[in-house]
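Coordinate inspection notes
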Amino acid sequence: MKIIAHRGLSGFYPENTMLAFKKCLDLNIYGIEIDVQKTKDNHLVVIHDEKVDRTFSGTGYIKDMTLKELQSLNSNFKNYENNKDCKIPTLKEVLILFKPTDFIINIELKNSKIKYKHLEENVIHLVKELKMERRVIISSFRIKSLHKVKALCPKIPRSYLISKKFYKYRLKSIIFSKVIKNKSTYISSSYSITDKKFIKKCHRRDLQILCYTVNTVEEYEKLLKFKADGIFTDFPNILSSIDK
């Protein structure tokens with residue numbers, strides 16, 4: 001089963017920072033998962049929340065701050081406040097870090113709440129510039145974004161993100177029809193909805209299932225038994241050591 005480090009080694013280090021990513025380099029895992037947004041001056045940055053408040057020493061939206069302003073902030077993670085590798089990185093920095101490796105980089109487009117203009121185009125342009133089209137997976141909660149990605153670069157694998165709330169209130173058949181129409185390779189689903197029946201439905205439609213966020217041995221072994229294709233975890237160093 002594919003082990004993907006959720007925002008880097010985020011169970012031990014500040015999430016989505018170069019430190020959390022560097023700590024993954026020596027791990028025997030499939031890849032990492034990162035979140036991408038855009039700054040006020042149109043730089044692609046790696047951070048999960050639309051605002052900096054939870055993870056960094058500032059307040060406000062990513063979209064309202066320049067790259068220089070964002071990178072002046074310190075981490076809120078105890079004992080890492082002054083670590084130079086715990087700043088907000090650019091997408092380019094992260095991709096360059098992993099380019100010499102065999103890691104797959106799952107890039108989540110964080111545009112379900114804020115519709116960043118040309119986010120898909122900017123991400124694909126950078127991936128092509130670095131010649132990493134076969135090294136990334138692009139994921140999004142917005143099927144329209146995945147359609148854009150497909151049009152821009154069909155050979156890049158795509159993954160449709162599904163939350164528990166989304167799955168509960170939308171017809172399941174509509175979800176699958178959207179993904180099949182997009183010719184996506186993956187569905188990335190919340191652990192709370194990823195049971196044996198759901199995984200079988202995905203496999204019957206030639207869709208691989210990647211499950212988030214799996215942080216216990218019990219959850220891992222359950223999904224392994226159900227034949228899930230991969231997981232996102234904050235503890236890739238622990239779960240990757242389990243006998244597969």
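Everything below is about the structure shown above.
Predicted, not measured: the structure shown is a model, and the values here were computed from it. (Residues numbered from 1 in each chain as written. Predicted model: local features only at pLDDT ≥ 70, side-chain atom pairs only at ≥ 80, totals over all residues. Heavy atoms only, no water.)

Counting buried positions over the five residues of strand E5 (residues 136–140) gives five, a clear majority of the element. The side-chain alternation of E5 yields two buried faces, one formed by Val136, Ile138 and Ser140 and the other by Ile137 and Ser139. Bridging between strand E4 (residues 104–109) and E5 involves four bridges; their strand directions are parallel. Bridge pairing in E5 links Ile105 to Val136. (Buried < 20%, exposed > 50% of the residue type's maximum accessible area, 1.4 Å probe, protein only. Helix = DSSP H or I, 4+ residues; strand = E, 2+ residues; numbered from the N terminus. Pairing = 2+ DSSP bridges.)

Here we come to the nonpolar core. If you look at the biggest cluster of nonpolar residues, it comprises 73 residues, and the most contacted ones within it are Ile32, Ile34, Leu91, Leu95, Ile107 and Val123. Contact partners of Ile32, with chain neighbours within four places excluded, come to Ile4, Ala5, Phe21, Cys24, Val94, Phe98, Phe103, Ile104, Ile105 and Asn106. Among the nonpolar cores identified, the runner-up in size contains eight residues, and Ile104, Leu161, Tyr186 and Leu210 belong to it. (Core = buried A, V, L, I, M, F, W, Y, C linked by side-chain atoms within 4.5 Å. Contact = heavy atoms within 4.5 Å.)

Here we come to the pairing of strand E1 (residues 2–6). Burial analysis of E1 places four of its five residues in the buried class, which makes it a mostly covered element. Looking at chain direction, E1 and strand E9 (residues 230–233) are connected through four bridges and run parallel. From the neighbouring strand, Ile3 faces E9, where its bridge partner is Ile231. Pairing of E1 with strand E2 (residues 31–38) involves three bridges; the strand directions are parallel. Opposite Ile4, over in E2, you have Gly31 as the bridge partner.

Bringing a positive patch on the surface into the picture now. Residues Lys196, Lys197, Lys200, Arg204, Arg205, Lys225 and Lys227 make up a contiguous surface patch of positive charge. Per element, the largest residue contribution to the positive patch is four residues, and it comes from helix H8 (residues 196–204). Here Arg205 shows up in the loop between H8 and strand E8 (208–212). (Patch = residues over 30% accessible without salt bridge, like charges linked within 9 Å, V, L, I, M, F, W, Y side chains within 5 Å. Areas by Shrake-Rupley, 256 points an atom, 1.4 Å probe, with all protein chains shown as cover. Salt bridge = Lys/Arg side-chain N within 4 Å of Asp/Glu carboxyl O. Lys, Arg positive; Asp, Glu negative; His and termini not counted. Charge placed at Lys NZ, Arg CZ, Asp CG, Glu CD.)

This next bit is on the packing of aromatic side chains. Under the criterion given, the structure shown has six aromatic pairs. A centroid spacing of 6.3 Å and a plane angle of 75 degrees characterise the contact between Phe21 and Phe98, whose relative ring orientation is edge-to-face. Here Phe21 is found in helix H1 (residues 18–22), whereas its partner Phe98 is found in helix H3 (residues 91–98), with 77 residues between them in sequence. On the numbers, 5.5 Å between centres and 75 degrees between planes, the contact of Phe77 with Tyr80 is edge-to-face. Here Phe77 falls in the partly exposed class, since its relative accessible area comes to 32%. Three or more aromatic residues joined by ring pairs make a cluster, and in this case those are Tyr13, Phe77 and Tyr80. Over the ring of Tyr30 we find Lys2, and its NZ or CZ is 5.3 Å from the ring centre. In this arrangement the basic side chain of Lys51 is found over the ring face of Tyr61, its NZ or CZ atom lying 5.2 Å from the centre. (Phe/Tyr/Trp six-rings, centres within 6.5 Å; stacked < 30°, edge-to-face > 60°. Lys NZ or Arg CZ within 6 Å of the ring centre and 35° of its normal.)

We now examine the packing of helix H4 (residues 119–129) against helix H5 (residues 143–152). As a packed pair, H4 and H5 sit with axes 10 Å apart at the nearest point and diverge in direction by 40 degrees. Crossing hand, H4 versus H5: right-handed. Contacts from Glu120, Glu121, Ile124 and Lys128 of H4 reach H5 at Ser145, Lys148, Val149 and Leu152. Grouping the constituent residues of the contact of H4 with H5 by class yields three nonpolar, one polar and four charged. (Axes fitted to C-alpha atoms, helices over the stretch in contact; angles between N-to-C directions. Left-handed = near helix turned anticlockwise from the far one by under 90°. Nonpolar A, V, L, I, M, F, W, Y, C, P; charged D, E, K, R; others polar.)

In short, the description is geometric, and any link to function would need to be established separately.
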